[in-house]
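Okay, here's what each chain looks like letter by letter:
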Amino acid sequence: SSPRFSLAGWARGLLGWARPERLLTSGRVFPLSCIHTSAPLEKLGKWEKKNRIVYPPQLPGEPRRPAEIYHCRREIKYSKDKMWYLAKLIKGMSIDQALAQLEFSDKKGAKVIKEVLLEAQEMAVRKHNVEFKSNLHIAESLTGRGQYVKQIRYHGKGMFGIMRLSRCHYFVKLVEGPPPPPEPPKTGFDQAKEYVQELRNRTITHSL
Amino acid sequence: ALLVFPSPLPPLRALLRRCWGRLERGLLPRWDLPWGPALAVQAPGALPEAAEGAGEGGGEPGAWEGVLWMAAPKKRRTIEVNRCRRRDPRKLIKVKRNIDVCPECGHLKLKHVLCGYCYAKVKAETRQIRHEIQKQEGGPFKAPTVETVVLYDGEQPSEKDEGKRIIERARKRPSWFAQN
């Protein structure tokens, strides 16, 4: 990672104004803490940047836009396929119900997701102007693949296998308001209606 | 008797040499390495001899049953097929409907299981009582043969606790620990 300006130049500049006679005459001490020379600590991912979008102020007649909170945790030592089952479980639930289900789940990822949800709830109340911490529901919950590391697994008779340590990311989007009602399952009658409608939508080309 | 050939023309001689070589190879079967493409079969290391295989007649049964048949996947399972199996409802985690609120502390608990918070609370207090007992006994195998009673701040032993061992705890009596 390259710093924004050269270290030698900075050091020269620092020594430049740190001359003792200059300090005595001016009587001011320049604090060093306001200069930061390091590059940004971590590269922000797309999900973290979603919290930064600012909408224009709403017009008086518009319905209130519900608050959206994006949170994630990176490089969790767990498999993304196994984590997906937990993410699928809590999709569309209210945050209290999700926390209850995760508390009594026996999976390793449940503890991690619970921490992430609690952090996100805390963030929502402090920074995102959410009034009631229970008035949140989970709009999206996704898993992603993290970095994998290969390791040797020793077998008998001098044989070995190469095992993969898998890691995953977990992303969650909380939205203010009660959870939306679940969609009713599609009946055969609905499917038949759709099929007939598709047949009716066909047009005959090159006709009168 | 010896076969005597008259000296033929050079190309004919080369042809005869080749034919003789092929005959030799045909007469003496040798398992040389450079083979052409051959039938690959799922089977363990030692193959049955060709003569024995020819003599079987049935193929499968006999001394070599199960040698040439091993289950193996024929084709790669596509991601669509894999998803159908992994996302089938019986593989998804089921939503638990037996979660309640503990009336004592307000934390969540399963209906048929003790509340985790209350249990931890009782466990911590029991640990302290056991420390007091250890301090009083001073070593292993010194437990008296009488009952034990635990008294908290400002409590006096009643007439029922006559011959019992008394353990003092320097705190207020917890609400969940009823006194007899």
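About the criteria used
- Residues numbered from 1 in each chain as written.
- Chains lettered and ligands numbered in written order.
- Predicted model: local features only at pLDDT ≥ 70, side-chain atom pairs only at ≥ 80, totals over all residues.
- Heavy atoms only, no water.
- Helix = DSSP H or I, 4+ residues; strand = E, 2+ residues; numbered from the N terminus.
- Buried < 20%, exposed > 50% of the residue type's maximum accessible area, 1.4 Å probe, protein only.
- Polar contact = N/O pair within 3.5 Å; in protein donor to acceptor, adjacent residues only side chain to side chain.
- Contact = heavy atoms within 4.5 Å.
- Pairing = 2+ DSSP bridges.
- Axes fitted to C-alpha atoms, helices over the stretch in contact; angles between N-to-C directions.
- Patch = residues over 30% accessible without salt bridge, like charges linked within 9 Å, V, L, I, M, F, W, Y side chains within 5 Å.
- Areas by Shrake-Rupley, 256 points an atom, 1.4 Å probe, with all protein chains shown as cover.
- Salt bridge = Lys/Arg side-chain N within 4 Å of Asp/Glu carboxyl O.
- Lys, Arg positive; Asp, Glu negative; His and termini not counted.
- Charge placed at Lys NZ, Arg CZ, Asp CG, Glu CD.
- Disulfide = S-S within 2.5 Å.
- Phe/Tyr/Trp six-rings, centres within 6.5 Å; stacked < 30°, edge-to-face > 60°.
- Buried area = accessible area lost by both parts, 1.4 Å probe.
- 1 Å grid on protein atoms, 1.4 Å probe; cavity = no way out; pocket = protein on both sides within 12 Å on 5 of 7 lines; lining within 4 Å.
- Points joined across faces, edges and corners; volume = space filled by probe spheres on them.
- Nonpolar A, V, L, I, M, F, W, Y, C, P; charged D, E, K, R; others polar.

1. A closer look at the side chain of Arg173(B)
Residues and elements named next belong to chain B.
Moving on, step 1. One can find arginine 173 in the segment after strand 4 (165–168).
Moving on, step 2. What makes arginine 173 buried here is its relative accessible area of 16%.
Moving on, step 3. Separated by 3.0 Å, the side chain of arginine 173 and the backbone oxygen of valine 150 make a polar contact.
Moving on, step 4. Only 3.1 Å separates the side chain of arginine 173 from the backbone oxygen of phenylalanine 177, close enough to count as a polar contact.
Moving on, step 5. Excluding anything up to four places from it in sequence, arginine 173 contacts Val150, Leu151, Tyr152, Glu155, Ala178 and Gln179.

2. Examining the sheet that holds strand 5 (residues 168–176) of chain A
All names here are of chain A.
Moving on, step 1. Reading across the sheet, the three strands line up as 1-5-2 and stay open at both edges, with antiparallel pairing between neighbours. The sheet is open, and its two edges are formed by strand 1 (68–76) and strand 2 (136–145), each paired on a single side. Sheet twist, expressed as the mean angle between neighbouring strand axes with direction ignored, is 15°.
Moving on, step 2. Bridging between strand 2 and strand 5 involves nine bridges; their strand directions are antiparallel. By the bridge assignment, glycine 144 is partnered in strand 5 with histidine 169.
Moving on, step 3. Each of strand 1, strand 2 and strand 5 is contacted by helix 4 (residues 80–90), which is oriented at about 170° to strand 2, the strand it contacts most.

3. Details of a positive patch on the surface
Moving on, step 1. Together, Lys88(A), Lys91(A), Arg77(B), Arg83(B), Arg86(B), Arg87(B) and Lys91(B) make up a positively charged patch on the protein surface.
Moving on, step 2. As for its placement among the helices and strands, Arg83(B) is situated in helix 3 (residues 79–86).
Moving on, step 3. Note on Arg83(B): relative accessible area 41%, which makes it partly exposed.

4. Things to note about the state of the cysteines
Each disulfide consists of a covalent bond between the sulfur atoms of two cysteine residues.
All names here are of chain B.
Moving on, step 1. All chains considered together, the criterion is met by zero disulfides over all chains.
Moving on, step 2. No disulfide involves cysteine 105; its nearest neighbouring cysteine sulfur is the one of cysteine 115, lying 3.4 Å away.
Moving on, step 3. Among the residues examined, cysteine 105 registers a relative accessible area of 25% and is labelled partly exposed.

5. Here's the deal with the packing of aromatic side chains
Residues and elements named next belong to chain A.
Moving on, step 1. Taken as a whole, this structure holds five aromatic pairs over all chains when the rule is applied.
Moving on, step 2. Taking the centre distance of 5.2 Å and the plane angle of 80° together, the rings of tryptophan 47 and tyrosine 70 count as edge-to-face. Taken as a pair, tryptophan 47 in helix 3 (residues 46–49) and tyrosine 70 in strand 1 lie far apart in primary sequence, 23 residues in all. Summarising the burial analysis for this pair, tryptophan 47 and tyrosine 70 share the class buried.
Moving on, step 3. Ring geometry for tryptophan 47 against phenylalanine 171: centres 5.3 Å apart, planes inclined by 50°, an arrangement best described as tilted.

6. As for the interface of chain B and chain A
Moving on, step 1. Contacts between chain B and chain A engage twelve residues on the former and 13 residues on the latter.
Moving on, step 2. Buried area between chain B and chain A, both sides added, is near 1100 Å², and the carbon and sulfur share of it is 70%.
Moving on, step 3. Considering only the side of chain B, the residues that lose the most area to chain A are Ile93(B), Lys96(B) and Leu108(B), jointly responsible for 45% of the buried surface there.
Moving on, step 4. Joining chain B to chain A, the criterion identifies zero salt bridges.
Moving on, step 5. The tally of links between chain B and chain A comes to three residue pairs in polar contact (both at pLDDT 80 or more).
Moving on, step 6. Looking at the side of chain B that touches chain A, the element that brings in the most residues is strand 2 (residues 108–110) of chain B, giving three residues.

7. Here's the deal with the layout of surface pockets
All names here are of chain A.
Moving on, step 1. By volume, the second largest pocket is sized at about 450 Å³.
Moving on, step 2. Taken together, 19 residues make up the lining of the second largest pocket; nearest its centre are Ile53, Tyr55, Ala67, Glu68 and His128.
Moving on, step 3. By residue class, the composition of the lining of the second largest pocket is eight nonpolar, four polar and seven charged.

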